[in-house]
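One letter stands for each residue in the lines below.
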Amino acid sequence: MQVGDVLRKKAARVATVRMNETVAIAAQLMRSSNISALVVKDVVRTEGNTAVGMFTERDVVRAIAEHGAAGANLKVSQLISVQQLVSCNSTDTLEQVRHVMNTKHIRHLPVIDNYSLIGVISMRDISHAFDDEARAKPAASAA
């Protein structure tokens with residue numbers, strides 16, 4: 001099974017936040033969308049909007065734990081690492097993506113095809129896909 005197979009079953013909207021937004025704004029976006037991670041975008045003159053990282057609930061907790069209430073006013077850019085975006089593409093297998101997530105200790109990956117952000121896949125998405133596949137196998141073998 002490939003990442004694209006999972007994305008086709010998910011909502012097409014990708015929740016994003018700009019690098020210059022505050023932790024408070026990012027947290028409000030996650031809460032209102034009932035999600036735990038946002039793709040961080042930056043404006044690059046030659047490429048338009050570019051995905052540069054992920055901002056997660058863990059980043060919110062880290063900001064508050066390290067800076068107290070003032071952490072809510074920090075910029076998203078102050079908390080993410082933009083040295084190298086870890087991502088995948090829609091043709092990667094779920095096994096490949098799960099391995100990357102486990103190796104890098106991350107739970108969300110932006111999916112980028114032809115330099116365009118097309119979605120986000122989470123460890124939960126992968127787990128559900130494997131569970132669905134396991135449930136379908138006994139039914140297929142009984143037929």
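In short, a report on the structure.

About the thresholds
- Residues numbered from 1 in each chain as written.
- Predicted model: local features only at pLDDT ≥ 70, side-chain atom pairs only at ≥ 80, totals over all residues.
- Heavy atoms only, no water.
- Axes fitted to C-alpha atoms, helices over the stretch in contact; angles between N-to-C directions.
- Helix = DSSP H or I, 4+ residues; strand = E, 2+ residues; numbered from the N terminus.
- Left-handed = near helix turned anticlockwise from the far one by under 90°.
- Contact = heavy atoms within 4.5 Å.
- Nonpolar A, V, L, I, M, F, W, Y, C, P; charged D, E, K, R; others polar.
- Pairing = 2+ DSSP bridges.

The next point concerns the packing of helix α2 (residues 23-33) against helix α3 (residues 57-67). Where α2 meets α3, the closest approach of the two axes is 10 Å, and the angle between their N-to-C directions is 145°. Of the two elements, α2 crosses α3, and the hand of that crossing is left-handed. Mapping the contact onto sequence places Val23, Ala27 and Met30 in α2 and Glu57, Val60 and Ala63 in α3. Residues belonging to the contact of α2 with α3 are distributed by class as follows: five nonpolar, no polar and one charged.

Now for the pairing of strand β4 (residues 108-113). Both faces of the sheet carry side chains from a regular strand, because those side chains alternate between them. Note that β4 and strand β5 (residues 116-122) share six bridges and pair antiparallel. Each residue of the ladder has a partner; that of Asp113, found in β5, is Ser116. Here β4 hands over to β5 after two residues, with Asn114 in that stretch at a positive phi of 50°.

Geometric values such as these leave the question of function open.
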